[in-house]
Structures are given as structure tokens and as C-alpha cells.
Amino acid sequence: MENREICRCMGVSYSDIYNAMNNLSSLDDVTDTFKQLQKTTSCAMGCGGCYNEIVNLISDILNGYADPPHHHHHDEK
């Protein structure tokens, strides 16, 4: 999973959300996690167009489907 910008209004990227979730103490459900992420990253506070993508991403991370973000694109030999 490459590190891409998810919330354009606030400039929040995939790694911002992933890292913020790792710092949360309790990940009970998607809605609760989303509210906590909003406090720490300000995601979806602008136009709100990224809301669904963030919710899907939270559920993927909670379920273990999402990979940690990669920062390097020059891995090929």
C-alpha cells in the first residue's frame, strides 16, 4: 500500500491515519475510531468527501487487511 493523500482538505495521508490508529488506546468500532482520528488528524473536517474512504480504511486496518504504508519507491534492483 503506497502512502497516498486521503484527505486533501487537511492534507492527511494514509500513513497519518495508519500511525494515528496505532497510537489510539482503544479501537472498539469504526465510528468510535473515526471520531478519535478526527481529533488527532482533522481528517474529513473539510469537504467530507474522504469520509467513506477513511471509514473503509479504518475497517481494513481493524480487520488486519491493510498493509503498513511504504515510503520507498526505489526498492527495485
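The structure we're discussing is the one just above.
Residues numbered from 1 in each chain as written. Predicted model: local features only at pLDDT ≥ 70, side-chain atom pairs only at ≥ 80, totals over all residues. Heavy atoms only, no water.

Participant: I keep staring at the packing of aromatic side chains and nothing clicks. Help me out?
Facilitator: In this description, a pair of aromatic rings is defined by centroid distance and the angle of the planes. If you walk through the whole model with that rule in mind, you get two aromatic pairs. Taking the centre distance of 6.0 Å and the plane angle of 40° together, the rings of Y14 and Y18 count as tilted. Taken together, the residues span about one helical turn, with Y14 and Y18 both in helix 1 (residues 14-23) at a distance of four residues. Each of the two residues, Y14 as well as Y18, counts as buried. Here the aromatic rings of F34 and Y51 are separated by 4.8 Å at their centres, their planes lie at 85°, and the arrangement is edge-to-face. Remark: Y51 occurs in helix 3 (residues 51-62) and F34 occurs in helix 2 (residues 30-41); sequence separation between them is 17 residues. On the accessibility criterion, Y51 (38% relative accessible area) is partly exposed. (Phe/Tyr/Trp six-rings, centres within 6.5 Å; stacked < 30°, edge-to-face > 60°. Helix = DSSP H or I, 4+ residues; strand = E, 2+ residues; numbered from the N terminus. Buried < 20%, exposed > 50% of the residue type's maximum accessible area, 1.4 Å probe, protein only.)

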